[in-house]
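A closer look at the structure
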Amino acid sequence: MAEPLRWMSIKLKLPLLFGAVCLLAFGVGGYLVSRSAKGILENEILRRLEFQGQAYATALDSSLRAVMQRAEDFASDGYIRGHLELIERKKEQGEDTNQLRTELQHLLARNKLPLIPSFSKRSLLEQGRDPDVR
């Protein structure tokens, strides 16, 4: 049986054979390594996105629960109405209402003003929702 590359000199056969073996080894090895690394990285990215999504959903859920509780508190807060009526009565009688005003301002600043950013977040959430999804 005759050698297939008999027309080529030995000085060219050895470097070409070495190059072919290296190309085959690095090509196949590189392909296998890149495929396995790609799969591992994709799985890691998906797990990270899932974890982050759950964290964001938990934070949003707690924020919405707080908004709901504060909205209920805001709707049924007779203390503010009573305080305002007391201020108006004392004002009509000519009495000093500064202390009552300060108490009411502190109450509103502590309990009612945080509603504004919460409702802004909720309106952004509502705008981003698909109207067909409930």
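Residues numbered from 1 in each chain as written. Predicted model: local features only at pLDDT ≥ 70, side-chain atom pairs only at ≥ 80, totals over all residues. Heavy atoms only, no water.

**A few points about the overall build of the protein**
Selection criterion: Strands are runs of DSSP state E lasting at least 2 residues, helices are runs of H or I lasting at least 4, and numbering of each runs from the N terminus. Buried residues are those whose accessible area, probed at 1.4 Å on protein chains only, stays under 20% of the maximum for their type, while exposed residues exceed 50% and partly exposed ones sit between those limits. Contact between two residues is taken to exist if any of their heavy atoms lie within 4.5 Å; hydrogens are not considered. Exposure was quantified through the Shrake-Rupley algorithm and a 1.4 Å probe, taking into account, for residues, occlusion by the shown protein chains and nothing else.
Summing up its helical and strand segments, the protein has 4 helices and 0 strands in all. Counting over 134 residues, the protein shows a buried share of 11%. Considering only residue pairs separated by 6 or more positions, the protein has 56% of its internal contacts joining residues 24 or more positions apart. If you sum the accessible surface of the protein, you get close to 11,500 Å²; carbon and sulfur atoms cover 63% of it.

**As for the nonpolar core**
Heads up, the condition is: Here, nonpolar core refers to any group of buried Ala, Val, Leu, Ile, Met, Phe, Trp, Tyr and Cys residues whose side-chain atoms link them within 4.5 Å.
Listed in full, the 5 residues of the largest apolar core are Ile80, Ile87, Leu100, Leu104 and Leu107. Of all the secondary structure elements, the ones that give two or more residues to this core are helix 2 (78–92) and helix 3 (98–112). In terms of residue count, the dominant contributor to this core is helix 3 (3 residues).

**Concerning the environment of Ile80**
For Ile80, the location among the structural elements is in helix 2. Note on Ile80: relative accessible area 13%, which makes it buried. Along the primary structure Ile80 and Leu108 are separated by 28 residues, whereas in three dimensions their C-alpha atoms are 8.6 Å apart.

**What to know about the pattern of salt bridges**
To keep things clear, this is the line we draw: Salt bridges are identified by distance alone: a Lys or Arg side-chain nitrogen within 4 Å of an Asp or Glu carboxyl oxygen.
Throughout the structure, instances matching the rule amount to 3 salt bridges. Asp61 is paired through a salt bridge with Arg65; the nearest N and O atoms lie 3.1 Å apart. With Asp61 and Arg65 both in helix 1 (residues 10–75) and 4 residues apart, this pair spans about one turn of that helix.

**Some words on the side chain of Lys13**
The residue Lys13 is located in helix 1 in this model. Among all residues touching Lys13, those that are not within four sequence positions of it are Glu3, Leu5, Arg6 and Met8.

**As for the confidence of the model for the protein**
Selection criterion: The predictor's confidence in any single residue is recorded as pLDDT, a number from 0 to 100.
Per-chain confidence: the protein averages 78 in pLDDT, with 75% of residues scoring 70 or above. Mean pLDDT values for the elements of the protein range from 54 in helix 4 (residues 115–128) up to 86 in helix 1.

**Observations concerning a nonpolar patch on the surface**
As a reminder of what qualifies: Put simply, a patch holds well-exposed residues, over 30% relative accessible area, that have no salt bridge, with like charges counted together within 9 Å and Val, Leu, Ile, Met, Phe, Trp or Tyr side chains within 5 Å.
A grouping of Leu24, Val28, Tyr31 and Leu32 is seen on the molecular surface, where their side chains present a nonpolar patch of about 440 Å² in accessible area. With respect to the helices and strands, the residue Leu32 is situated in helix 1.

**Describing helix 2**
Our working definition: Expected helix span is given by 1.5 Å per residue-to-residue step, counting one fewer step than there are residues. Picture the helix axis, draw a direction to every C-beta atom, and the arc is the one those directions span.
The first and last C-alpha atoms of helix 2 sit 21 Å apart over 15 residues, in line with the 21 Å expected at 1.5 Å per residue. Buried within helix 2 are the following residues: Ile80, His83 and Ile87. Down the axis, helix 2 shows its buried residues gathered within 65° of arc, on one side only. Just downstream of helix 2, Gly94 is the residue with a positive phi angle, here 85°.

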